[in-house]
Amino acid sequence: MSNEQNFDDFLKKTNKNRRTKWIVAGLIVVFFIALVFISADWVLGALVHTRKEVTVPDLTKKSVTQALGLLASSNLALKQAGVEFAKEVAPGSVLRQLPSAGSTVREGRVIRVWISQGDEMVFVPNTVGTDLRSAQLAVRQAGLLVDKVDNAYSLTYEKGLIVAQTPKADSMVQKGDKVSLVLSNGAPPASVILVPNFKSKKLSEATLWASAQNINLIIKEDAKSVFPSGTVAAQNPAEDSQIAPGANLEVTVSRRQAGEDEKSYHLHYEMPQGKNASRVRVVLEQGDTENEILNETRQPGSKIDLEVPFADRATLRVFVDGILVRERELQ
């Protein structure tokens, strides 16, 4: 019995010694790892502090290439921290930096910069056909300013509605730019002559009107027009422009030669009901070619009737205020 107990005590002591050895070994390993890290940190710190001190150059309004050159001459590095809109700094140039120009840093320091995207660009909203209050609100919401409001007679828009704007709808301008509006005074008195809208209408209508108003009608022809032959594709002055007797009205008439396989599609579309007028675009796509048949502001409930010639296969699309409302495959 005594021998067995002695053997057990021996095993316990042996296991205890092994554990002690492993603990000691572990502590030694941890000590050496800590020593390596401390030494590395000390060495790196020593290297950093032995580097020369340099002055951070002014990078603002410099291109990225110029900024890199300035920093390289001082043994500094560059990192782009972000991009921002800025009217006063050209796109692609440094808007601001950190550390700031004139700061003293050691060689190898990374200088963070923010790059200018230039002035923010926005689309001009379509205000034609809306009342003045709605137009002013739309302009402000787009980040633009109303410059001035003029008045003019109109055959198309009733009194109190916007008849024209500058810049035109959907053009891209700098945020904060000004938009000029023209407000309708309604139908003109008998002494004032306004040009009607002859686009997509027969040449005979323009001829009769010009004769009755003593206007000189100048006719140009376009053999490549997408409009049916004999219809007006363009006019100058535009609709609602004031004109005096004896002045010139220039119209461009389609003289397209219909091919043997050419067909015609009659588009009838009624504008949706509502308070404001809408911009309507009619586009014909044939193969790789896209032709704009119509791009006008129309009143709610007004009707659009167009004869659209096409050959082979084509796609006709109708957009109202930029939204596709109808698409038809023609064949």
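Anything mentioned here points back to the structure above.
Residues numbered from 1 in each chain as written. Predicted model: local features only at pLDDT ≥ 70, side-chain atom pairs only at ≥ 80, totals over all residues. Heavy atoms only, no water.

**Q** Hey, could you go over the pattern of salt bridges for me, with residue numbers and the actual values?
**A** Scanning all chains against the criterion turns up 9 salt bridges. With its nearest N and O atoms 2.6 Å apart, the salt bridge here joins Arg96 to Glu84. Taken together, the residues Arg96 in strand E3 (residues 94–98) and Glu84 in strand E2 (residues 77–84) connect sequence positions 12 residues apart. Owing to a relative accessible area of 27%, Glu84 belongs among the partly exposed residues under this scheme. Close ionic contact of Arg317 with Glu327 constitutes a salt bridge, the shortest N to O distance being 2.7 Å. Of this pair, Arg317 sits in strand E20 (residues 314–320) while Glu327 sits in strand E21 (residues 323–330); the two residues are 10 residues apart in sequence, bridging distant segments of the chain. The class for Arg317 is buried, based on a relative accessible area of 18%. When salt bridges that share partners are traced, they join Glu285, Arg317 and Glu327 into one network. (Salt bridge = Lys/Arg side-chain N within 4 Å of Asp/Glu carboxyl O. Helix = DSSP H or I, 4+ residues; strand = E, 2+ residues; numbered from the N terminus. Buried < 20%, exposed > 50% of the residue type's maximum accessible area, 1.4 Å probe, protein only.)

**Q** Residues and numbers for the nonpolar core, please.
**A** The biggest cluster of nonpolar side chains holds 21 residues, and the ones touching the most others in it are Val282, Leu284, Leu306 and Leu316. At the level of elements, strand E16 (262–270), strand E17 (278–286), strand E18 (289–298), strand E19 (303–311) and E20 are the ones that each hand at least two residues to this core. Setting aside chain neighbours within four positions, we find Val282 in contact with Leu267, Asn291, Glu292, Ile293, Leu294, Leu306, Leu316, Arg317 and Val318. (Core = buried A, V, L, I, M, F, W, Y, C linked by side-chain atoms within 4.5 Å. Contact = heavy atoms within 4.5 Å.)

In short, shape yes, function no, at least from these values alone.
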